[in-house]
Amino acid sequence: MFDKLLNTLSSSEIVTSISTQLDVLANVIDSYLAGIDNLRMASIILMILALLLFLFLIIIIYIKTIVAFLRNDNKNPPAEFAEEDNDDDEIFDEEDQLRLNQIIDDQERERELEKELQKELEMANAERASAEKEKQKEASKIKEAEVQKKLAEEKKQQEQPKTVEKEFSIDLDWKKGKLQEMDALAQNVEIKPDILSYHQSNRQLSELIGLIIDMIGRGVDDLKIAQTIMFRNQYMSSEEDVLQLIDAVKDFIGLCKNQEFSKLENYATLPHEEDALYHLAEGDPSLALAMIEALMDAGIDRAGSLATETKKDILYQEISRQAGIFGNLAAVNDVMLATGAFELAIELAPNNISAWSRLADMYSKAQSTSKAIWAYQNVLKSADGELNAREVANASKNLSQHLYAQGNSLQAAKLYNSSKQYYDSLGINRRLDKQEIEIIEIIEAHHQDELQSTILRILGRDGGRGFNFA
């Protein structure tokens, strides 16, 4: 539009037309004023017309100037605006680019954490599936061997129906580490090597308490005991289950050695410490639980007679610890009984982080998922990162499994990695070497025969070296 206006105003035709019209107007005025005597009036009128013409020309020139300025402005923007744009670009390049790079890095780390968690979970599932497969395969081989043995016996009876011979069998007992007595007729029997080979199979924690007591009696440190139990259990139980069971056995031994039970009024009606430890080694914690329960009841009765709250709190803390021992021993066979014990421990001492951690474990085993998550979250909220590092690692590991099942893989990966770092630093999941396995097999082969003497030695009642675990 501005170009069109400029071309119209700048054309020579319009200037010529204006000049022609002014000449005509001047002629008309001259003819009109020819008969006028007053020349002064005529000169004034002419001066006014000339002034109007001059103003008209000035307006035209001003319009042309504005049009030219606008045309140049559209083609070349001002330098100051260009500099401002460059400054904006520079600001974007420095600050926004850093922020964008940070976001990209965070996303990459999140993806890496998700991949790592997925890989760890897949490996754990693969190991568990492999263990189950080996167990099934072993059971199938045993069943097949029994069938073949039965068929061979039937075939032998059919081939020699009239021959009557004394039968015998070889029963290899790896708990005792020796062969049972065989008939004299078996002296010339060839024993195949594969019959005597040792096959590792996963064992429940209740079956491994005797091994724990034996290794305690030999002065083996807690970490080595835990590595051994994890190996014999084929890593089916959690690290916290194994560690807490070892602590509970040692704490019960400490109560026996410190003669805590002999101070009770009904001590005569309670099982003897040796009997309780022997049954515990056989996987039966009932006698030990009865003794601990009597000790707790006596403590609660005594707390009721105390005058000051401070003394009551101290006594409740001790009873809460005893309830934790009770719960960890009961958890081997009875999850519900253990749950009640840990709830009592928390009721007596709400700041007992270990009891909170184990209560969450019991809820998880009882399929009470919401309660378990609540208890684990309370552990992470209340625990001291240094004093309760083990409880924090246990809560992080179990919470990661719940979060991953809910689809929150990022948070699950963070918690899982933190717990894995703790257990790796502890070394509880380290695989045993061949020499260590051979030593454990030797211990297992003889611990049943030596169990009674081991218990007496631990309690310091055979003149041997005593151990104080309390």
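As the structure is a computational prediction, the values presented were derived from the model and not from experiment.

S.K.: I tried to follow the overall build of the protein chain on my own but got confused; where do I start?
M.R.: Across its full length, the protein chain carries 17 helices and two strands. Burial status across the protein chain gives 31% buried among its 470 residues. When contacts within the protein chain are restricted to residue pairs at least 6 apart in sequence, long-range pairs at least 24 apart make up 66% of them. A total of about 30,100 Å² of accessible surface is found on the protein chain, and carbon and sulfur atoms cover 53% of it.

S.K.: Quick question: what am I supposed to make of the layout of surface pockets here?
M.R.: Regions of empty space are outlined by a rolling probe, equal in size to a water molecule, passed over the atoms. Computed from the structure, the second largest pocket encloses a volume of approximately 1,600 Å³. Breaking the lining of the second largest pocket down by element, the ones donating at least two residues are helix 4 (79-159), helix 7 (239-257), helix 12 (353-365), helix 14 (389-405) and helix 15 (409-426). It is helix 4 that contributes the most residues to the lining of the second largest pocket, eight residues altogether. Classifying every residue of the lining of the second largest pocket gives 17 nonpolar, 16 polar and 13 charged.

S.K.: What's the story with a nonpolar patch on the surface in this structure? I'm lost.
M.R.: A cluster of nonpolar side chains, namely Met 41, Ile 44, Ile 45, Leu 46, Ile 48, Leu 49, Leu 51, Leu 52, Phe 54, Leu 55 and Ile 58, defines an oily patch on the protein surface of about 940 Å² accessible area. Tracing the chain through its elements places Ile 44 in helix 3 (residues 39-75).

S.K.: Before we go on, may I ask you to explain unusual backbone geometry in this structure?
M.R.: One can expect most non-glycine residues to show negative phi and most peptide bonds to be in trans. Even without a glycine there, the phi angle at Gln 259 is positive, about 60 degrees. Position of Gln 259 among the secondary structure elements: in the loop between helix 7 and helix 8 (273-281). The phi dihedral of Gln 367 is positive, around 65 degrees, even though this residue is not glycine. Along the chain, Gln 367 turns up in the loop between helix 12 and helix 13 (369-382).

S.K.: Could you clarify how one ought to interpret the packing of helix 5 (residues 209-217) against helix 6 (residues 222-232) in this entry?
M.R.: Two quantities define a packed helix pair, namely the angle between the axes and the distance from one axis to the other. Close contact between helix 5 and helix 6 brings their axes to 10 Å; oriented N to C, the two are set at 155 degrees. With respect to each other, helix 5 and helix 6 are oriented roughly antiparallel. You can see that helix 5 and helix 6 cross each other, and the crossing is right-handed. Two secondary-structure elements touch here, helix 5 through Leu 211, Ile 212, Met 215 and Ile 216 and helix 6 through Lys 224, Ile 225, Thr 228, Ile 229 and Arg 232. Of the residues belonging to the contact of helix 5 with helix 6, the class tally is six nonpolar, one polar and two charged.

S.K.: How should I be thinking about the pattern of salt bridges in this particular structure?
M.R.: Side chains that differ in sign of charge can pair as their charged atoms come close. In total, this model carries 16 salt bridges according to the counting rule given. Linking Glu 436 and Lys 224 is a salt bridge whose minimum nitrogen-to-oxygen distance equals 2.8 Å. Of this pair, Glu 436 sits in helix 16 (residues 434-447) while Lys 224 is found in helix 6, placing the two residues 212 residues apart along the sequence. Note on Glu 436: relative accessible area 18%, which makes it buried. Between Glu 260 and Lys 263 there is a salt bridge whose closest N-O contact spans 3.8 Å. A relative accessible area of 26% means that Glu 260 is categorised as partly exposed. Relative accessible area serves as the criterion here: at 60%, Lys 263 is assigned to the exposed category. Each of Asp 241, Arg 358, Asp 361 and Lys 365 takes part in a single network of salt bridges with overlapping partners.

Analysis parameters
Residues numbered from 1 in each chain as written. Predicted model: local features only at pLDDT ≥ 70, side-chain atom pairs only at ≥ 80, totals over all residues. Heavy atoms only, no water. Helix = DSSP H or I, 4+ residues; strand = E, 2+ residues; numbered from the N terminus. Buried < 20%, exposed > 50% of the residue type's maximum accessible area, 1.4 Å probe, protein only. Contact = heavy atoms within 4.5 Å. Areas by Shrake-Rupley, 256 points an atom, 1.4 Å probe, with all protein chains shown as cover. 1 Å grid on protein atoms, 1.4 Å probe; cavity = no way out; pocket = protein on both sides within 12 Å on 5 of 7 lines; lining within 4 Å. Points joined across faces, edges and corners; volume = space filled by probe spheres on them. Nonpolar A, V, L, I, M, F, W, Y, C, P; charged D, E, K, R; others polar. Patch = residues over 30% accessible without salt bridge, like charges linked within 9 Å, V, L, I, M, F, W, Y side chains within 5 Å. Salt bridge = Lys/Arg side-chain N within 4 Å of Asp/Glu carboxyl O. Axes fitted to C-alpha atoms, helices over the stretch in contact; angles between N-to-C directions. Parallel < 35°, antiparallel > 145°, perpendicular 65-115°, else oblique. Left-handed = near helix turned anticlockwise from the far one by under 90°.

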